[in-house]
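# Close look at the chain arrangement
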Protein chains: 2
Amino acid sequence: MPRWDPEGESRLREAALQLFLERGYENVTVAEITERAGLTRRTFSRYFADKRDVLFAGSDELPAVIGDRIRTADAALAPMEAVLAALDAVAERLADQAAIAARRQAVVRASPELQERALTKFAVATDAAADALRSRGVPASTATLLAQVAIAIFRTAFERWLNAPAEVSLRDRVRESAAELSSSFGSQPS
Amino acid sequence: MPRWDPEGESRLREAALQLFLERGYENVTVAEITERAGLTRRTFSRYFADKRDVLFAGSDELPAVIGDRIRTADAALAPMEAVLAALDAVAERLADQAAIAARRQAVVRASPELQERALTKFAVATDAAADALRSRGVPASTATLLAQVAIAIFRTAFERWLNAPAEVSLRDRVRESAAELSSSFGSQPS
């Protein structure tokens, strides 16, 4: 039996998403997921550490992607430009995953436990971006600020994209959100 | 016996901070805190729900402060200006608490559990700011983005202030961080 079987993995993920949406994440067991998928617990354990892992596997690599892209971005780019280039790279990776991401988001929204986990994941991505900015010579405190803002831009873009994935690409949503934030600083009291 | 006894409360907080810093937050019990403070468990329960509460009581009101100030800020202010006015209000409230805040921060940094709790608290503050911005007519998605950025600005300002509280006020650190972020969008690749 091959160790890597994308069909088994996607069947398990699909079964899990269905069950989470039907019954609520907290009320679903791994046994129910494997039963729905018609696979064994052993197969499940080949792909996922636990129930939460079914939901978040794949996004675990994003902090490293962000960090790498910031580090390797053209040295002439200003820090925020390097950050936006990294977000472009993440957007490309996720470009074909709007449907599954929207369902995953619905599961997370319904579960306080998963919302906490999501916050921790954003924090990990923020740390990765901040580390990478520091490696470009950005002072530590500024690096953390820009990294937090980068994640805020991305989360906003991601939400907008999931609401209408066919209309505007995730990449363009990132640019749109960044432009909106930038212009909000230009506003003066009337 | 008076229900409200600021001295008892501050003695318990001081004892808790000492113990958390000495032994690590996870390794301290409520019994040890009351013993160090020379007070009873009953007195403890008058002020705090649990061990975590000793650390976070006082900051629980900040989301409401942020929300109120954004709602009541001059209607002519642009959204980001209303947000910065609200951060000023929070900065004023915290102005005389640098010493205790720095020790609290050291305790939180040493505990993954408390770091998660802190993230949740930032999320609550973000939600409060976003709600208030929506009540000013800011579109939902933009409100969330600006709220997330506001909290990022505040966190940055707070860290900088704690590192050198005598040098620059928290309020000025907020303005400094906001200005830094604003100018980062102006940077173009050279």
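One numbering rule holds for all chains: residues counted from 1, following each sequence as written. Here every chain gets a letter starting at A, and every ligand a number starting at 1, in the order they are written. Where local features are concerned, this predicted model is filtered to residues with pLDDT of at least 70; where side-chain atom pairs are given and counted, the filter is 80 or more; whole-chain, interface and lining totals use all residues. Computation of side-chain values: all heavy atoms of the structure, hydrogens and water removed.

### Overview of the relation of the copies chain A and chain B
In superposing the copies, a least-squares fit is computed on C-alpha atoms, taking residues whose pLDDT is at least 70 in both. At an RMSD of 0.0 Å, chain A and chain B line up after a rotation of 180° and a shift of 0.0 Å along the axis. Here the transformation between the copies is reduced to the relation of a two-fold axis. Within chain A, A:Val149 has its C-alpha nearest the rotation axis, a separation of 2.8 Å. For this analysis, residues touch if any pair of their heavy atoms sits within 4.5 Å. An overlap of 100% is found between the interface residues of chain A and their copies at the interface of chain B, pointing to a shared contact surface.

### Focus: the pattern of salt bridges
All names here are of chain A. By convention in these notes, a salt bridge is any Lys or Arg side-chain nitrogen within 4 Å of a carboxyl oxygen on Asp or Glu. Applying the stated rule across the entire model yields 31 salt bridges over all chains. With a closest N to O distance of 2.8 Å, aspartate 60 and lysine 121 form a salt bridge. Of this pair, aspartate 60 sits in the loop between α4 (51-56) and α5 (62-72) while lysine 121 is found in helix α8 (residues 112-135), placing the two residues 61 residues apart along the sequence. The buried label goes to any residue with under 20% of its type's maximum accessible area, the exposed label to any with over 50%, and the partly exposed label to all in between, with areas taken from a 1.4 Å probe on protein chains only. The class of aspartate 60 is partly exposed, set by a relative accessible area of 44%. Take lysine 121: its relative accessible area is 18%, and that puts it in the buried class. One salt bridge in this structure joins arginine 175 and aspartate 88, with 2.6 Å as the shortest N-O distance. Of this pair, arginine 175 sits in helix α10 (residues 170-186) while aspartate 88 sits in helix α6 (residues 79-94); the two residues are 87 residues apart in sequence, bridging distant segments of the chain. Arginine 175 gets classed as partly exposed once you look at its relative accessible area, which sits at 31%. Numbering of helices and strands runs from the N terminus, with a helix taken as a DSSP run of H or I at least four residues long and a strand as a DSSP run of E at least two residues long.

### Examining the environment of A:Leu162
Residues and elements named next belong to chain A. Tracing the sequence through the fold places leucine 162 in helix α9 (residues 140-163). Relative accessible area serves as the criterion here: at 12%, leucine 162 is assigned to the buried category. Distance in space between the C-alpha atoms of leucine 162 and isoleucine 100 is 9.7 Å, their sequence separation being 62 residues. Each residue touching leucine 162, except ones within four places of it in the same chain, is listed here: Ala98, Ala101, Ala102 and Gln105.

### Some details on the domain arrangement of chain A
All names here are of chain A. In this entry, domain limits derive from an automatic or database-based domain assignment. In terms of domain boundaries, chain A breaks down into domain 1 (8-55) and domain 2 (58-183). Of note, the centres of domain 1 and domain 2, computed from C-alpha atoms alone, are 27 Å apart. The partner domain 2 presents 12 residues to the 11 residues of domain 1 that form the contact. Defined here as a combined quantity, buried area equals the accessible surface (1.4 Å probe) lost by two parts on assembly, summed across both. Carbon and sulfur atoms make up 59% of the surface buried where domain 1 meets domain 2, a total of about 1,100 Å² over both sides. Applying the counting criterion to the domain 1 and domain 2 interface returns two salt bridges. Note that glutamate 113 and arginine 52 form a salt bridge whose closest N and O atoms lie 3.6 Å from each other. A 3.5 Å cut-off defines polar contacts: any pair of N or O atoms within that distance qualifies, except that in protein one atom must be a possible hydrogen donor and the other a possible acceptor, and neighbouring residues in sequence count only when both atoms are side-chain atoms. Applying the counting rule to domain 1 against domain 2 returns three residue pairs in polar contact (both at pLDDT 80 or more). Sorting elements by how many residues they give to the side of domain 1 that touches domain 2 places helix α1 (residues 6-23) first, with six residues. Note on residue categories: nonpolar means Ala, Val, Leu, Ile, Met, Phe, Trp, Tyr, Cys or Pro, charged means Asp, Glu, Lys or Arg, and polar means any other residue, Gly included. Along the lines of polarity and charge, the residues of the side of domain 1 that touches domain 2 split into five nonpolar, one polar and five charged.

### What about the packing of α6(A) against α9(A)?
A pair of packed helices can be characterised by two numbers: the angle between their axes and the separation between those axes. Residues and elements named next belong to chain A. Between N-to-C directions, angles cover 0 to 180 degrees, with each direction set by a line fitted to C-alpha atoms, over the stretch in contact for helices. Taken N-terminus to C-terminus, the directions of α6 and α9 make an angle of 35°; their axes are 10 Å apart at the nearest point. The two elements α6 and α9 meet at a crossing, and its hand is right-handed. The residues of α9 that touch α6, namely those facing Pro79, Met80, Val83, Leu87, Val90, Ala91 and Leu94, are Leu146, Val149, Ala150, Ile153, Phe154, Phe158 and Trp161. When the residues that make up the contact of α6 with α9 are grouped by side-chain class, the tally is 14 nonpolar, no polar and no charged. For a crossing to be left-handed, the near helix must be turned anticlockwise from the far one by less than a right angle; the clockwise case is right-handed.

### Describing the environment of B:Thr120
If you trace the backbone, B:Thr120 turns up in helix α8 (residues 112-135). Accessibility expressed as a relative area gives 26% for B:Thr120, which makes it partly exposed.

### Concerning the UniProt feature "DNA-binding region" (unreviewed entry) in chain A
UniProt positions are given in the numbering used here, feature names are shortened, and annotations may be inferred rather than shown by experiment. As annotated in UniProt, the feature "DNA-binding region" (unreviewed entry) corresponds to residues 29-48 of chain A in the numbering used here. Strand forms 0% of residues 29-48 of chain A and helix 75%; the C-alpha atoms that close the span are 13 Å apart.

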